[in-house]
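Here are the chains, one letter per residue:
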Amino acid sequence: MQLQQVFSEADEIVIYRDGENVVYGSGDGQFKNICAEWDDMLKGSVVMPAFGVSINSYTVNAMKSGVWVEFGFSRSREINGMPFEKLLVEVKPSYMGFNVNRYMSECGYVGRCFYIDLRGGNMGAFSDFLAKL
């Protein structure tokens, strides 16, 4: 399975805004809307080697400001030998690519990240959509 495809298999999506969060379960209508906007943004994207490494304390602190989206799964997944239970992304309109932080319950947001290049696109439309939620 490709990284871009796994997001739609999430069981919940959490949107963080300046440290506050809202949870959308897979049965929620907004969940489907978020997934549709996310999938639109990822069209034509490419997974590339990431230089980023997540350090739990840094990541948790960074989540206190800005906008973040987290995809949570009911069971552990693995892509390219990298396991995760959640995937976290910082949302900034100008980002043309971004790190995808992996979370495991025993260690938090620790280890190598994935990286998605939007191939000339950016997060602007997705960011605008989230601002209206």
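Structure shown above.
Residues numbered from 1 in each chain as written. Predicted model: local features only at pLDDT ≥ 70, side-chain atom pairs only at ≥ 80, totals over all residues. Heavy atoms only, no water.

Enquirer: Please clarify how the sheet that holds strand β1 (residues 12–17) should be interpreted in this entry.
Expert: In sheet architecture, strand pairing relies on hydrogen bonds along the backbone and comes in two forms, parallel and antiparallel. Read from one edge to the other, the open sheet built from 7 strands follows the order β2-β1-β5-β6-β7-β9-β3, with strand pairing classed as antiparallel. What marks the edges here is a single partner per strand, and that holds for β2 (20–25) and β3 (46–48). Each strand of the sheet is rotated relative to its neighbour by a mean of 30°, with strand direction disregarded. As paired strands, strand β6 (residues 82–91) and strand β7 (residues 97–103) are joined by 3 bridges and run antiparallel to one another. (Pairing = 2+ DSSP bridges. Helix = DSSP H or I, 4+ residues; strand = E, 2+ residues; numbered from the N terminus. Axes fitted to C-alpha atoms, helices over the stretch in contact; angles between N-to-C directions.)

Enquirer: I keep staring at unusual backbone geometry and nothing clicks. Help me out?
Expert: Peptide bonds are trans in most cases, and residues, glycine excluded, mostly fall at negative phi. Phi is positive for Asp-18, which is not a glycine, with a value near 50°. Mapping Asp-18 onto the fold places it in the loop between β1 and β2. Of note, the phi angle at Asn-80 is positive, near 55°, even though the residue is not glycine. With respect to the helices and strands, the residue Asn-80 is situated in the loop between β5 (67–79) and β6.

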